[in-house]
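Examination of the molecular architecture
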Amino acid sequence: MNAQNSSVPPKKIEPKLLIVMMLFPLFMAIAYPLSFMGAFHNPAPHQMPVAIIQTTDNAQQIAQGLEAEAEDAVEVSTVQDVETAQEKVLRLEERAAYDPATGDLYVASAGGPLATNAAQSIFSEVAKQSHTELHVQNLKKPAESDSLGTAYMYGVMGAIIAGYIASTIINALGKNTKLWTKLAILLGFAVLAGITGTAILYGFYGIYTEHLVPVALTFAAEFFAVSLFQLGAASLLGLASSLLGIVLFVILGNPALGVAITSDMMPGFFSFLHTLLPSGAAGDLTKRTLYFDHVGIGPDLLNLVLWAILGSAMLWMGSLKTPEKGTELIDYSAEHPSEKEPLLTAYEEASEENMKKDSDGHNPLPDTVERSREQAPHTNLPETEKDENDLR
Amino acid sequence: MTSDNNDSSYEISSHSTGSHRANSRQERMRKHTQNSYRSLGDAPPASGLGTLSNPTKPPRKIDQRLTTKRMVTAGLLLPLFMLIFLPLTLTGTLDDVHPRHMDVAIIGSETDVQKQTDDLDHQTAGSFDVHRVDNVDDAKNQINERQVRAAYNPAEGKLYLAGANGKQVNSAVTQLFTPVAQQSHQEMQTEDIQPVHEEDPSGTSAVYLALGAILGGFMSGMILGLLPVDSKLRLILGVAMPVIIATAEIIIGWAVFGIFDGSAMGTWGILYLLSFSCLAVTLGGMLAIGPAMLPISIFLTSLLGMATSGVTAPLDMVHAFYAGIHPWLFSSQGIEAVKNSIYFQDMSFAQPIWVMLIWAVVGIVLAVFGTVRQKRRHLFATMSEMEEAQFMMAVGAVAP
C-alpha cells in the first residue's frame, strides 16, 4: 500500500505550459466550425447517382442531355425497366429514377430527405422541358414520427463519441489495468450503447417500431469499433491519440456521418471521408438497417471491422514498446556470454524503484547489472587513475 | 510499528504509542511551519482537482488497485452520460416536427379580414396562432422582429416570409396559406423579406460559428478550472481567450468562407459574450464542485444549448420542453442571438445579453467561492498545526 499525504500543496502550473495548453480550446474553436461549414454551409448535389428508365426512345438522349447540363452535380445512368429502377432506388444505388413515359420519379426519401428534394428539383426541370408533369413516387418514407428521416442520427453520434471517450478514460485512469479487463469493459459498454440507443429511440420517443435488435447491434458495433481503435491508438501514441481521436471522430467524423446531409450533397473531400471513416459507415449502416432491410450493409460492416483490426494492430504494436510490469527480466550477457544480444531487445525502463537508495545512502545498481559484474570474466581494465599510470 | 518518514510521505500506524504520535506530528509541524501560509494570497492555487482533496485530513495509506478501480469507474460515467444524454436531448428536436402554436398573421383591416383570421385560427388550433395586422409595413416589422413567422395579404394574394427562418418554417407557412389563396381563386406569390446569404442557403452557418465559440469557451474554462493556475493568470486568460475565440469565428465566417459581409461588430460582441459565459460557468463550477462539473457543463453548453436554441430545429415546431428552457439558458440564447445578429438585426438583444451576463456573473461568483474555500482549507490546515506546535512546545517546556 502507498501512503498519501494530502497536506502537500499542489504545484502551480507553469504559465508557459498553460498557454500551450490553451492552444487546444483554440484549436477546437477553429477546427470545428471550419470542418462543419466546409461540409454543410452550401449543400449541393455532387455526383448524385440518378437513372433514366428506358421506357421511351429518347431516354438515352435525355440522360446525355442531363449529364451535359448538370456537369458534376449528377451521374446519370440508364436502366432497362421500372422494376430494376425501383430496386436500385431501394438499394440506395440511385438517388432517383425518372420514367420519361409517365413523368414518374421514383425516390426513397428515407435515404436522405435533402438529397431527395434536390433530385426532385433537377427532374422537375427535366419534366418541364419534356412538357410532362412530374409525379413523385416515394418508395420508402421515413417513419411517421421521424419527420426529417434523421432521428437516429444522434444515436449513432452518441455511440461513436462515447466509444472514443470510454477508451480515452480507460487509458488515462487505468494504465495498469490488464488489457483483457479493458476489452471486457469496452465490450460491456458496447452492449450498453446498443441498449441505451434503442431504449431512447424506440422506448422513450417511440419513433421507431421495427428492427430493434439489428439497430441495437449496429450501435454496439459502432461503439466497439471506435473504442477499439482509440484503445490501440492510445497504446501506441500515448497522449497524442486524444487529439487524433477528436479529429477523426468529432471534427471530421461528425460532418462525414452522411445522415442529415448525405455524401452526394457534400463536397468531394467530405464525401471521401464518408467512405473512409467509421462514422460514415456507422450512419449508412444504421440507415440501411432501419429503413432498407439491411440491403448493402456489407461495405459498412467491412469498414467497421477494418477499423477494429487497425486498433488491434496498434494495440499489438503498443505492447512491443515496453516490458509489462512484473515480467521476469534476465541478464542476457551473463546467461549467454558468447552471444550478442538479439535485435530489438526490450530493456527494462529506468524507474524510481530501480534507483532507490540503499540503507547507506548509495544508489545501488540494478540487480541484473550487479549479477553480471559478479559473473563476468575478470579483466585488466584500470579501475582508478593510479592503475592507469601503473599500466603505462 | 515505526513510521517510515521521508520527504514526501508519511505513515500513521493504528498501533503506535503516544510518543510515536507526538514524534510524527512534530515532524509534520516542522515541515508545515517551513511552508506556513500567512494569508489567502500565500495559499496554493485553487483547482478543480483540489476540490477532491482535504489538506486538513491526516495522511492515510491507500490501496492503489482499489483506487484505480474507483477512478476508472467514476471516469466511465462520462461516456455513459454521453450515451444517454446526447441522443436523449437532441433526438427530441427531430421527433414529430410540426407547427405548434406558430405565430402567423393576416394583413388587412378589422372589417375586411377579422372573420377570416378567426376562422383560420380556429381551424388550425394548436398548430398556428393566427392574428391580424393592419398593413404590410406592420407585418414586415413583426416578421423582422420575429414576432410572427409569416404574414398573408389576401388583397394581393401575397405571402410575406423570411428565408432566414429556415426551410421547415417556410414550408409550413406556405402549406398553410396555399389553400387560403386557392379558396380566393388566387395564385399565391411569396416575398422573402429576409433572405439567407447566397453562400448560406440553409441558414445554419451562424450555428457553427456559435458552436465554435461554445466549445472554445467551455474547454478554456475546463483547463483553467481543473488545473492549479494562479488566480491572476486565470483572470487574464479568462478574459482574453473569448476575445481570441470570437475573433477567430468572425474570420472564419467573414473571411475564410466569405459567407457573410457587412459589419461584424455586433456578432463579435455576441460571440464574445457567449464564449465568456460558457467559460465562466465551466470555470466556476469546476472550482466549486470539481470534475463533476464536466458533464454538467457539457449538458448546459453543448447539448441543451444546441437543442433549445431554435436554430437547429424551430422551437415552434418541436416539443414545448425546448421552448420552455430557451428563455433562460445562456448557451441557447447566445446561439440564437448570433444568428439574429446576422439576419434579424431589428430585434432587441436585451434578453440574450442579460441572460448570458447573469450566468457569467454566477460563474464568477462560484469561481471566487471555490477559490476562497480551497485556500482557506490550506490556511486552516497549517494554522491548526501551528497551534498544536505552540501547545506541545509549551507542554514540553513545563513537563520536566
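Residues numbered from 1 in each chain as written. Chains lettered and ligands numbered in written order. Predicted model: local features only at pLDDT ≥ 70, side-chain atom pairs only at ≥ 80, totals over all residues. Heavy atoms only, no water.

Here we take up the overall build of chain B. Along chain B, the regular secondary structure elements total 13 helices and six strands. For chain B, the proportion of its 400 residues judged to be buried stands at 52%. Partitioning the intrachain contacts of chain B with sequence separation of at least 6 by distance along the chain shows that 77% fall at a separation of at least 24. Carbon and sulfur atoms form 58% of the exposed surface of chain B, whose accessible area is close to 18400 Å². (Helix = DSSP H or I, 4+ residues; strand = E, 2+ residues; numbered from the N terminus. Buried < 20%, exposed > 50% of the residue type's maximum accessible area, 1.4 Å probe, protein only. Contact = heavy atoms within 4.5 Å. Areas by Shrake-Rupley, 256 points an atom, 1.4 Å probe, with all protein chains shown as cover.)

Here we take up the side chain of S241(A). Residue and element names in this part refer to chain A. By the secondary structure assignment, S241 is in helix α9 (residues 240-251). According to the relative accessible area criterion, S241 is buried, its value standing at 2%. Non-local contacts of S241, meaning those with residues more than four positions away in its chain, are made with Q230, A233 and A234.

This brings us to the sheet that holds strand β2 (residues 102-107) of chain B. Residues and elements named next belong to chain B. Here five strands make up an open sheet; going across it, the order is β3-β2-β4-β5-β6 and the pairing mixed. Each edge of the open sheet carries a strand with a single partner, namely β3 (128-133) and β6 (189-192). Direction aside, the axes of adjacent strands within the sheet are offset by 25 degrees on average. Here β2 pairs with β3 via six bridges, running parallel. Looking at the pairing, M102 lines up with F128 of β3. Each of β2 and β3 touches helix α4 (residues 110-123); the most contacted strand, β3, lies at about 175 degrees to it. (Pairing = 2+ DSSP bridges. Axes fitted to C-alpha atoms, helices over the stretch in contact; angles between N-to-C directions.)

Time to look at the pattern of salt bridges. What the rule picks out here adds up to 11 salt bridges over all chains. Where E125(A) meets K128(A), a salt bridge forms, and the shortest distance between an N and an O atom there is 4.0 Å. With E125(A) and K128(A) both in helix α5 (residues 113-129), this residue pair falls three residues apart, about one helical turn. In this structure E125(A) comes out as partly exposed when scored by relative accessible area, which is 41%. Judged by its relative accessible area of 59%, K128(A) falls in the exposed class. Ionic pairing is found between D96(B) and R100(B), a salt bridge with its closest N-O pair at 3.8 Å. Put simply, K140(B), K158(B) and E191(B) are held in one network by salt bridges that share partners. (Salt bridge = Lys/Arg side-chain N within 4 Å of Asp/Glu carboxyl O.)

Residue and element names in this part refer to chain A. An order of β3-β2-β4-β5-β6 is seen for the five strands of this open sheet, with the pairing classed as mixed. Edge positions in the sheet fall to β3 (74-79) and β6 (135-138), since each has one partner strand and no second. This sheet shows a mean twist of 25 degrees between the axes of neighbouring strands, independent of strand direction. Here strand β5 (residues 104-107) pairs with β6 via four bridges, running parallel. Within β6, the residue paired with Y106 across the bridge is Q137. The strands touched by helix α3 (residues 59-70) are β2 (48-53) and β3; relative to β3, the strand with the most contacts, the crossing angle is about 175 degrees.

Our next topic: the interface of chain A and chain B. Taken together, the 64 residues of chain A in the interface contact 73 residues of chain B. Both faces combined, the contact of chain A with chain B buries some 6200 Å², and carbon together with sulfur accounts for 76% of it. Inspection of the chain A/chain B interface yields zero salt bridges. At the junction of chain A with chain B, the criterion picks out five residue pairs in polar contact (both at pLDDT 80 or more). Of the residues belonging to the side of chain A that touches chain B, the class tally is 45 nonpolar, 16 polar and three charged. (Buried area = accessible area lost by both parts, 1.4 Å probe. Polar contact = N/O pair within 3.5 Å; in protein donor to acceptor, adjacent residues only side chain to side chain. Nonpolar A, V, L, I, M, F, W, Y, C, P; charged D, E, K, R; others polar.)

Take the domain arrangement of chain B next. All names here are of chain B. Considered domain by domain, chain B is made up of domain 1 (102-192) and domain 2 (201-376). Of note, the centres of domain 1 and domain 2, computed from C-alpha atoms alone, are 34 Å apart. Each partner contributes residues to the interface: domain 1 has 13 residues there, and domain 2 has 13 residues. Between domain 1 and domain 2 the total buried area reaches about 1100 Å² when both faces are included, carbon and sulfur atoms providing 57% of it. Connecting domain 1 to domain 2 are two salt bridges. Among the ionic pairs, R146 bridges to E336, the shortest N-O distance being 3.2 Å. Viewed at the interface, domain 2 and domain 1 are joined by four residue pairs in polar contact (both at pLDDT 80 or more). (Domains from an automatic or database assignment.)

Within this structure, the stated rule accounts for 24 aromatic pairs over all chains. When the centroid spacing of 5.7 Å and the interplanar angle of 75 degrees are considered together, the rings of F85(B) and F299(B) count as edge-to-face. Of this pair, F85(B) sits in helix α3 (residues 77-91) while F299(B) sits in helix α10 (residues 293-307), and the two are 214 residues apart along the sequence. F85(B) gets classed as partly exposed once you look at its relative accessible area, which sits at 30%. Residue classification places F299(B) among the partly exposed residues on the basis of a relative accessible area of 22%. What links up through ring pairs into an aromatic cluster is the set Y32(A), F36(A), F40(A) and Y208(B). (Phe/Tyr/Trp six-rings, centres within 6.5 Å; stacked < 30°, edge-to-face > 60°.)

What follows deals with the packing of helix α8 (residues 231-256) of chain B against helix α9 (residues 265-289) of chain B. All names here are of chain B. It is at 8 Å that the axes of α8 and α9 come closest, and there the two elements cross at 140 degrees. As far as their axial angle goes, α9 and α8 are oblique. As α8 runs across α9, the sense of the crossing is right-handed. Contacts between α8 and α9 pair R234, G238, V239, M241, P242, V243, I245, A246, T247, E249, I250 and W254 from the former with T267, W268, L271, Y272, S275, F276, L279, L283 and L287 from the latter. (Parallel < 35°, antiparallel > 145°, perpendicular 65-115°, else oblique. Left-handed = near helix turned anticlockwise from the far one by under 90°.)

Following both chains from N to C, one finds helix α6 (residues 153-173) of chain A and α3(B) inclined at 165 degrees, their axes separated by 8 Å at the closest point. Compared by their axis directions, α6(A) and α3(B) come out roughly antiparallel. Two packed elements cross with a definite hand, and for α6(A) against α3(B) that hand is right-handed. Facing α6(A), whose interface residues are Y154(A), G155(A), M157(A), G158(A), A159(A), I161(A), A162(A), I165(A), A166(A) and I169(A), α3(B) presents L78(B), P79(B), M82(B), L83(B), L86(B), P87(B), L90(B) and T91(B). Here the contact of α6(A) with α3(B) is composed, by residue class, of 15 nonpolar, three polar and no charged.

On the surface, E67(A), E71(A), D72(A) and E75(A) cluster together into a negatively charged patch. Structurally, the position occupied by E75(A) is in strand β3. (Patch = residues over 30% accessible without salt bridge, like charges linked within 9 Å, V, L, I, M, F, W, Y side chains within 5 Å. Lys, Arg positive; Asp, Glu negative; His and termini not counted. Charge placed at Lys NZ, Arg CZ, Asp CG, Glu CD.)

Grouped together as the largest cluster of nonpolar side chains are 213 residues, with contacts concentrated most on I52(A), L66(A), F123(A), Y208(A), F223(A), F177(B) and F330(B). Among the elements that line this core, the one with the most residues is helix α7 (residues 205-226) of chain B, at 14 residues. If near-sequence neighbours (up to four positions away) are discounted, Y208(A) is found in contact with A143(A), D146(A), A151(A), Y152(A), L201(A), Y202(A), L290(A) and Y291(A). Counting five residues, the second largest nonpolar core, distinct from the first, contains A281(A), L285(A), I297(A) and L304(A). (Core = buried A, V, L, I, M, F, W, Y, C linked by side-chain atoms within 4.5 Å.)

Residue and element names in this part refer to chain B. Of the two faces of strand β5 (residues 158-161), the one lined by K158 and Y160 and the one lined by L159 and L161 are each fully buried. Pairing geometry for strand β4 (residues 150-153) and β5, over four bridges, is antiparallel. Looking at β5, one finds that N153 is bridged to K158. Between β4 and β5, which pair antiparallel and follow one another directly, the connecting turn spans four residues, one of which, G157, has a positive phi of 70 degrees.

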